[in-house]
Amino acid sequence: MKRILFLLLFAISFAYIEASVVVYLRDILYPEGFSFPLRYISPLRASIEIGREFFSLVLLISVAFLGSKGFWKSFGAFCFIFGVWDIFFYIWLKIFLNWPSSFLEWDILFLIPAPWTGPVIAPLIVSITLILIFIVIELHRERPFTLSLFPSIIGILGFISIFISFMWNATLTAKGGIPRNYPWYYLILGEVLLISILINKALQLKKSKYNELKK
């Protein structure tokens, strides 16, 4: 619980820092309020912003692996930090800017390797799933969490499907267009694949504990 508490505190604190940076950027680029199309920024500022996002991921990964033992525990910690961070990022923006006005409002989510876009509810759904991944991994205490080849492939395909949904309008957005159509079917497919793995692992864990009690 102490480890989880510190991971939670870090994620919430880092979300505050990230949200404050966005407040400054919007004051400079979108003084009247954020909206598409994206405003032009100089190559230097663009490279700095991309670097900030890259090193934000490096920071999250570093904390996850420093505070956990073994790949799956570390991966689970990363999922937890990322999920909580993303949720509280929008909570802080709501507090600071009263934005977004609704869960369906579009946002620019990430810039690597190209602009990620989607309604705010989409990354929040993914964030909740990431937290569930952490919970299922953490429930494997007596017996280490493992994933065979087939579920691993399913999981990778799930993440790829979600990634495609966020990249669907990348070319249009990069060219100064306004994203309008979000491919929900890719997000739903990705979520179904990931949740199916979590349900299967949870059932396996329940069955193994039941068998141990019978012994």
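What counts and how
- Residues numbered from 1 in each chain as written.
- Predicted model: local features only at pLDDT ≥ 70, side-chain atom pairs only at ≥ 80, totals over all residues.
- Heavy atoms only, no water.
- Helix = DSSP H or I, 4+ residues; strand = E, 2+ residues; numbered from the N terminus.
- Rg over C-alpha atoms; globule rule 2.2 N^0.38 Å.
- Buried < 20%, exposed > 50% of the residue type's maximum accessible area, 1.4 Å probe, protein only.
- Contact = heavy atoms within 4.5 Å.
- Areas by Shrake-Rupley, 256 points an atom, 1.4 Å probe, with all protein chains shown as cover.
- Lys, Arg positive; Asp, Glu negative; His and termini not counted.
- Charge placed at Lys NZ, Arg CZ, Asp CG, Glu CD.
- Phe/Tyr/Trp six-rings, centres within 6.5 Å; stacked < 30°, edge-to-face > 60°.
- Lys NZ or Arg CZ within 6 Å of the ring centre and 35° of its normal.
- Core = buried A, V, L, I, M, F, W, Y, C linked by side-chain atoms within 4.5 Å.
- Axes fitted to C-alpha atoms, helices over the stretch in contact; angles between N-to-C directions.
- Parallel < 35°, antiparallel > 145°, perpendicular 65-115°, else oblique.
- Left-handed = near helix turned anticlockwise from the far one by under 90°.
- Nonpolar A, V, L, I, M, F, W, Y, C, P; charged D, E, K, R; others polar.

Asks: Mind laying out the overall build of the protein chain, listing which residues take part and the relevant values?
Replies: Within the protein chain, the regular secondary structure consists of 7 helices and 2 strands. If you list the helices and strands of the protein chain from N to C, you get α-α-α-β-β-α-α-α-α. Computed over the C-alpha atoms, the radius of gyration of the protein chain is 19 Å, within 12% of the 17 Å expected from 2.2 N^0.38 for a compact globule of 215 residues. On the principal axes, the C-alpha backbone points of the protein chain span a range of 65 × 35 × 30 Å. The buried share of the protein chain, reckoned over its 215 residues, is 41%. Here the analysis covers contacts within the protein chain between residues at least 6 apart in sequence; of these, 72% occur between residues at least 24 apart. Roughly 12500 Å² of accessible area belongs to the protein chain as shown, and the carbon and sulfur atoms make up 73% of that amount. If the 19 positive side-chain charges of the protein chain are averaged to one point and the 12 negative ones to another, these points end up 11 Å apart.

Asks: Residues and numbers for the packing of aromatic side chains, please.
Replies: Counting across every chain of the model gives 27 aromatic pairs. Taken together, a centroid distance of 5.3 Å and an interplanar angle of 70° make the contact between F34 and F36 edge-to-face. On the accessibility criterion, F36 (15% relative accessible area) is buried. Relative to Y186, the ring of W168 lies with its centre 5.5 Å away and its plane at 40°, an arrangement referred to as tilted. Taken together, the positions of W168 in the loop between helix 5 (149–167) and helix 6 (170–174) and Y186 in helix 7 (residues 184–214) put the pair 18 residues apart, joining distant regions of the chain. These aromatic residues form a ring-pair network of at least three members: W106, F110, W116, F163, F166, Y182 and W184. The ring of F145 has K201 sitting right over it, with the charged end atom 5.0 Å from the ring centre.

Asks: Explain the nonpolar core to me, and be specific about the residues and the numbers.
Replies: By size, the foremost hydrophobic cluster in this structure holds 49 residues, and its most contacted members are F89, Y90, L93 and F166. Of all the secondary structure elements, the ones that give two or more residues to this core are helix 1 (2–29), helix 2 (43–66), helix 3 (71–97), strand 1 (106–110), helix 4 (121–139), helix 5 and helix 7. It is helix 3 that contributes the most residues to this core, 11 residues altogether. Every residue in contact with L93, bar those within four places of it in the chain, is listed here: A19, V22, V23, R26, N98 and W99.

Asks: Give me the lowdown on the packing of helix 4 against helix 5, citing residues and values where you can.
Replies: Contact pair helix 4 / helix 5: the axes reach a minimum separation of 11 Å and the direction vectors enclose 160°. On the basis of the axis angle, helix 4 is roughly antiparallel to helix 5. Our pair here, helix 4 against helix 5, has a crossing hand that is left-handed. Where helix 4 approaches helix 5, its residues A122, P123, V126, L130 and I133 are matched on the opposing element by F159, I162 and F166. In terms of residue class, the contact of helix 4 with helix 5 is built from 8 nonpolar, no polar and no charged.

Asks: Which residues make up the side chain of S56, and what values go with them?
Replies: With respect to the secondary-structure elements, S56 resides in helix 2. When residues no more than four places from it in sequence are discounted, the contact partners of S56 are F14 and E18.

Asks: Could you give an account of unusual backbone geometry, naming the residues involved and the relevant values?
Replies: For the peptide bond that leads from F36 to P37, omega is 5°, which places it in the cis range. Relative to the helices and strands, P37 resides in the loop between helix 1 and helix 2. In this structure, the amide linkage connecting I112 to the following residue, P113, adopts the cis form with an omega of 0°. If you check the backbone angles, N98 has positive phi at about 55° while not being a glycine.

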